[in-house]
Amino acid sequence: EVQLVESGGGLVQAGGSLRLSCTASGFTFDDYTIGWFRQAPGKEREGVSCISSSDGSTYYADSMKGRFSISSDNAKNTVYLQMNSLKPEDTAVYYCAASYADGSSWCLMESWHNYWGQGTQVTVSS
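Definitions and cut-offs
- Residues numbered from 1 in each chain as written.
- Predicted model: local features only at pLDDT ≥ 70, side-chain atom pairs only at ≥ 80, totals over all residues.
- Heavy atoms only, no water.
- Disulfide = S-S within 2.5 Å.
- Helix = DSSP H or I, 4+ residues; strand = E, 2+ residues; numbered from the N terminus.
- Buried < 20%, exposed > 50% of the residue type's maximum accessible area, 1.4 Å probe, protein only.
- Core = buried A, V, L, I, M, F, W, Y, C linked by side-chain atoms within 4.5 Å.

A.B. asks: Hey, could you run me through the state of the cysteines in this one?
C.D. replies: What we call a disulfide is simply a covalent bond connecting the sulfur atoms of a pair of cysteines. Under the criterion given, the structure shown has two disulfides. A sulfur-sulfur separation of 2.1 Å characterises the disulfide bridge that pairs Cys 22 with Cys 96. Given an S-S torsion of about 65 degrees, the disulfide between Cys 22 and Cys 96 has right-handed geometry. On the criterion of sequence distance, the pair formed by Cys 22 in strand β3 (residues 18–25) and Cys 96 in strand β9 (residues 92–99) is long-range, its members being 74 residues apart. The class of Cys 96 is buried, set by a relative accessible area of 0%. Cys 50 shares a disulfide with Cys 107; S-S distance 2.5 Å. Between Cys 50 and Cys 107, the S-S dihedral sits near 120 degrees, and the bridge is therefore right-handed. With Cys 50 in strand β5 (residues 46–52) and Cys 107 in the loop between β9 and β10 (115–116), this pair connects stretches of sequence that are 57 residues apart. Like Cys 50, the residue Cys 107 is buried in the burial classification.

Pasting the structure below:
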């Protein structure tokens, strides 16, 4: 069974940093593209960043580029999202997702992915 588990969320003050983790199991990690999405209350889910586990190619939403960075540790079947200079508007539930496909900028689209984790809450206080 394919399973994605997010961790690392919590409460942080504005200007602080968090590192989220997405650990995968049940599939060949190198065959998938892994993405991070977020959803704030009353808003649509939006793509944050994606990474190809096979070649390491990365993709970012324009609004996230610069403060957020994505990386992977294939030996641990884990993808990380490093978030710096956090702002209150970054408050959301953050989800990881996987698609059995080569990396593409399309990985920032929700409908492109096959599997989803349960999410982890990130709250940024002012």
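A.B. asks: Help me understand the nonpolar core, please; the structure alone is not making it clear to me.
C.D. replies: For soluble globular proteins, the rule of thumb is that nonpolar side chains tend to be buried together. One finds Ile 34, Trp 36, Phe 68, Leu 81, Met 83 and Tyr 94 to be the most contacted residues of the largest nonpolar core, which totals 28 residues. Contributions of two or more residues to this core are made by β3, β4 (33–39), β5, β7 (68–73), β8 (78–83), β9 and β11 (120–125).

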